[in-house]
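# Results of the structural survey
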Amino acid sequence: MNDCLFCKIIKGEIPSSEVFSNENVYAFKDLHPMAKIHNLFIHREHSHDINAMSKTSPEQVVDVYKAILKWTQDEKLDSSGFRVVTNCGPDAGQTVFHTHFHVLAGEKLGRFGK
Ligand code: 5GP
Ligand code: ZN
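The sections below set out a description of the structure shown in this document.

How each quantity is defined
- Residues numbered from 1 in each chain as written.
- Chains lettered and ligands numbered in written order.
- Predicted model: local features only at pLDDT ≥ 70, side-chain atom pairs only at ≥ 80, totals over all residues.
- Heavy atoms only, no water.
- Near = heavy atom within 4 Å.
- Polar contact = N/O pair within 3.5 Å; in protein donor to acceptor, adjacent residues only side chain to side chain.
- Areas by Shrake-Rupley, 256 points an atom, 1.4 Å probe, with all protein chains shown as cover.
- Nonpolar A, V, L, I, M, F, W, Y, C, P; charged D, E, K, R; others polar.
- Helix = DSSP H or I, 4+ residues; strand = E, 2+ residues; numbered from the N terminus.
- Buried < 20%, exposed > 50% of the residue type's maximum accessible area, 1.4 Å probe, protein only.
- Expected span 1.5 Å × (residues − 1).
- Arc of directions from axis to C-beta.
- Donors = N, O, S within 2.8 Å, 3.2 Å for Na, K, Ca; no water.
- Tetrahedral: all angles 85-135°; square planar, octahedral: opposite > 155°, others 65-115°.

Once that is clear, we can look at the site of ligand 1. Neighbouring ligand 1 are 16 residues; Lys-29, Asp-30, Asn-87, Thr-95 and His-102 lie closest to it. Asp-30 places a side-chain nitrogen or oxygen 2.5 Å from an oxygen atom of ligand 1. Contact between ligand 1 and Gly-93: an oxygen atom at 3.3 Å from a main-chain N or O atom of the residue. Alone, ligand 1 offers 520 Å² of accessible surface; in the complex the protein occludes 83% of this. Broken down by class, the residue content of the shell around ligand 1 amounts to 7 nonpolar, 7 polar and 2 charged.

The structure is reproduced here in structure tokens:
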């Protein structure tokens, strides 16, 4: 999508700090980290949000989770733990409408909610 921020990041039109890349998935550091480690995992194919992705291309959800599995194992985070968050729609505060999965780790995280 031409005017999508994260599509531009995938194309390299906007710089980002890569942490993971394969043929399906790209992951990079969040510009405003909410934890010591805060990365965003996105599929290379554009979709608006997690429900759109799950409805039209559920295999893409698997692609992203396989990437998270590989990256967290490589970083030895699967034993210390990590959190995956996907904001969907206004009440969740989604601000970028290219489906993305926040991966938070590197310290003891607070409880989530309001
Ligand atoms: P959302 O609020 O939609 O769940 O998450 C969007 C995330 O994208 C936010 O955590 C925000 O900090 C991050 N973000 C917004 N613009 C950029 C950018 O240009 N580069 C990077 N690396 N992250 C961004
Ligand atoms: Zn996009």
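Having put the structure on the table, let's press on.
Once that is clear, we can look at the side chain of Thr-72. Mapping Thr-72 onto the fold places it in helix α3 (residues 58-74). Judged by its relative accessible area of 1%, Thr-72 falls in the buried class.

Taking 1.5 Å of rise per residue, 17 residues should cover 24 Å, and α3 covers 25 Å from first to last C-alpha, within 8% of that figure. Of all the positions in α3, only Gln-60, Val-61, Val-64, Ala-67, Ile-68, Trp-71 and Thr-72 are classed as buried. Buried residues of α3, viewed axially, fall in a sector of 125°; they line one side. Count one or two residues on from α3 and you reach Lys-76, which has phi positive near 60°.

So, on to the coordination of the zinc ion (ligand 2). Distances from the zinc ion (ligand 2) to its protein donors, Cys-4 (SG), Cys-7 (SG), His-46 (ND1) and His-98 (ND1), fall at 2.0 to 2.3 Å. For the zinc ion (ligand 2), the 4 donor atoms are set out with angles of 105 to 116° between them, so the coordination reads as tetrahedral. Mapped onto the polypeptide sequence, the residues donating to the zinc ion (ligand 2) form the spacing pattern C-x2-C-x38-H-x51-H. Of this pair, His-46 sits in the loop between β3 (37-43) and α2 (50-56) while His-98 sits in the loop between β4 (83-85) and β5 (100-105); the two residues are 52 residues apart in sequence, bridging distant segments of the chain.

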